[in-house]
Amino acid sequence: MKLFLLLILFIIDLILGFDRSQFHEYCIIGAGPAGLQLAYFLQKVKRDYIIYEKASQAGSFFINYPRHRRLISINKRNTGEKNRKFNLRHDWNSLLSDDDHLRFTHRSKQLFPSADLMVDYLNDFYRYYNLHIQFNTTIKNLQPISEQTTTCDSKDCSFASIARFRMNDQHDNRYTCGIVIVATGLFIPNIPPVDGIDLAVGYENLSLDIEEFENKSVLILGRGNSAFEVAQHIYDATNYIHMISRSRVRNAYATHYVGDLRAINNQLLDTYQLKSLDALVETDLMEHELSRRPGDGRIQLKRKKLAMDPSIQERQETATYDLVIRCLGFKFDESIWHSDIQIEKNLGRTKKYPKIRYDYQSFNYDHLYFAGTLIHSIDFRKSSGGFIHGFRYITRALHRIFEYRYHEKKWSSIILSWFSLTNYLIKRINEADGIYQMFGQLVDVILIDRINYQCRYLEEYPVRLLPRLEEITGYKFDNLLILNMQYGMNYSGAGRDVFAFDRVSASVNTADRSNFLHPVLYYYDSPLQETDFDNVKSGFLPLISSVRIHHIIENVLTLWMQPDEHILPLRIFLENILNINLQQRTVISYARKKMLQQKLTIPVRFYAAA
């Protein structure tokens, strides 16, 4: 039957003029970290794929960015642990692979290494695995071959070998694909329609010569990490630096969002608050205009007259600048689409991202997916999906979705007896990297089988796809237990006092008040529905009437192995939901086994970050 279907497809291709020599089941656009990561997983299971990359090497974004060549992603080489999964919790630059020598931590001893090393690393990764990349290929006119809707009723839709998309490159070479994954990232500078914006120098063109800023007064538009990176670099030479943006400064250590201002770049906050001429101003740039002052030609920022209250027109700030620098981020390059294709955008703060479904598929077209930074709209300002240490796990989840949807390979899982579940949960809680890095977005799912006294354990499943668990994974179930990593409900946010004296929950009896990242288990006696997630705060799970919850108390070392504080309460919780005594059948625990192997004593009690 399958051979007959392929023969029919071949005849159709001949009639329509498609060149099967340029057909691939999976076409990835972009050879950045996400494109390489997905290619690794596809190649591992021998799928037909190709990466189209417009540059002459992989990771071309990092050739120019960040401009001052220092990454702000953590390269923590030493953790005191030998467990590779645990160590990936603190290695933010490596791609996932089976070869430990490909870890980025072998490249530099610096906690925040040079971006030049990232370019070398990504190209070494591609060469080591001989990934299929077609360089110097700029894709354009991407479009579906036939009219598609957001639903798929045909039985043939599951075959990856069906040509669903076509496109061409800058030389008019034509390509067809079964599934398209756009992993181009955000690299088009965001230039708002502000009068006089051409007077500003873009971050993308900024000189790295510190001498050019000597004795200059500088205005920086924007207040993200790139803006503070620039301020940090030129601070030694300038008269003063002013920065403007609509919102207040959000420090990453308070919001727990790594895209917010990192401490490595926040020197200007000191000089501002210690009255040394530098300043931060909250104002809407769209209500202002840039112009040169007559006479000396210095640049001034003025409120537009139409937006100005006449009573304050005479009281405008008189500061003028030698230089204005635009650091307003990047947006998605839409030049790959055919003119007839309509890709809906998000609204508000995530408008720079294409609109996608929770399975990372285009909102408008089936079998068109996004990967890497482009999927960050789902967890924007909530988790780490916009960064390598987050989307490497999302990419693995996306590949697992592909395997069942197009190849009928169920989501990777293991079967455990109920009497092994406590130990396995302790193991995952203490070493799991994916649910740790993508806290609140990827979860471990345990499907409870009450007939055979066993369970099926699935790792790193997207939390918002829980209502579609059977469709995505292929497994039927009635009861499920979910392991989530989460911060305290009201602990994260701009201006939060994360160093408050009472930030620590110091007793097992108050584990539910833990603020620092800690494991939480949710038990549901029936499948979750989409409506259950209505009004649920991101990073948390629905608190429907049937839910039972167990918090494991926070620990600064993220080691949950204390018999009385961590293991015993967990076992009692499992006994209650399973209605069975697990004590008599407990094998040597993961915690004790680990301590015996390392010849350690039980660690001193630590509860939260000090």
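All values reported here derive from a predicted model rather than from experimental measurement. (Residues numbered from 1 in each chain as written. Predicted model: local features only at pLDDT ≥ 70, side-chain atom pairs only at ≥ 80, totals over all residues. Heavy atoms only, no water.)

### Description of the pairing of strand S12 (residues 288-292)
Looking along a regular strand, one sees side chains alternate from face to face of the sheet. Relative to strand S13 (residues 299-303), S12 runs antiparallel, the two sharing 5 bridges. The residue bridging Arg292 from the neighbouring strand is Ile299, located in S13. As consecutive antiparallel partners, S12 and S13 are separated by 6 residues, and within that stretch Gly295 has a phi angle of approximately 100°, a positive value. (Pairing = 2+ DSSP bridges. Helix = DSSP H or I, 4+ residues; strand = E, 2+ residues; numbered from the N terminus.)

### Some remarks on the pairing of strand S20 (residues 454-462)
Of all 9 residues that make up S20, 7 are buried, and the element is covered over most of its length. Sheet analysis places strand S18 (residues 413-417) next to S20, joined by 5 bridges and oriented antiparallel. By the bridge assignment, Ile415 is partnered in S20 with Arg456. Here 7 bridges tie strand S19 (residues 442-449) to S20, and the two strands are oriented antiparallel to one another. Across the sheet, the residue bridging to Asp449 is Gln454, located in S20. What sits between the antiparallel neighbours S19 and S20 is a turn of 4 residues, in which Tyr453 has the positive phi angle 55°. (Buried < 20%, exposed > 50% of the residue type's maximum accessible area, 1.4 Å probe, protein only.)

### Details of the nonpolar core
One finds Leu36 and Leu481 to be the most contacted residues of the largest nonpolar core, which totals 160 residues. In terms of residue count, helix H9 (residues 388-407) provides more of this core than any other element does, 9 residues in total. Excluding anything up to four places from it in sequence, Leu36 contacts Ala31, Ile51, Ala58, Leu95, Leu122, Phe125, Tyr126, Leu131 and Ile133. Of all hydrophobic cores here, the second largest spans 13 residues; its members include Ile197, Leu219, Leu221 and Leu285. (Core = buried A, V, L, I, M, F, W, Y, C linked by side-chain atoms within 4.5 Å. Contact = heavy atoms within 4.5 Å.)

### A short note on the environment of Asp120
With respect to the helices and strands, Asp120 occurs in helix H5 (residues 115-129). C-alpha separation for the pair Asp120 and Gln57, spaced 63 residues apart in sequence, amounts to 9.7 Å.

### Overview of the sheet that holds strand S14 (residues 320-321)
Here we have 3 strands laid out as an open sheet, ordered S12-S13-S14, and antiparallel in their pairing. Of all strands in the sheet, those with a lone pairing partner are S12 and S14, marking the two edges.

### Observations regarding the state of the cysteines
In this structure the tally under the stated criterion is 1 disulfide. Sulfur-sulfur distance for the disulfide between Cys27 and Cys177 comes to 2.0 Å. Disulfide Cys27 to Cys177: torsion about the S-S bond roughly -90°, handedness left-handed. With Cys27 in strand S1 (residues 23-29) and Cys177 in strand S6 (residues 174-182), the pair connects residues that are 150 residues apart, well separated along the chain. On the accessibility criterion, Cys27 (0% relative accessible area) is buried. Among the residues examined, Cys177 registers a relative accessible area of 0% and is labelled buried. (Disulfide = S-S within 2.5 Å.)

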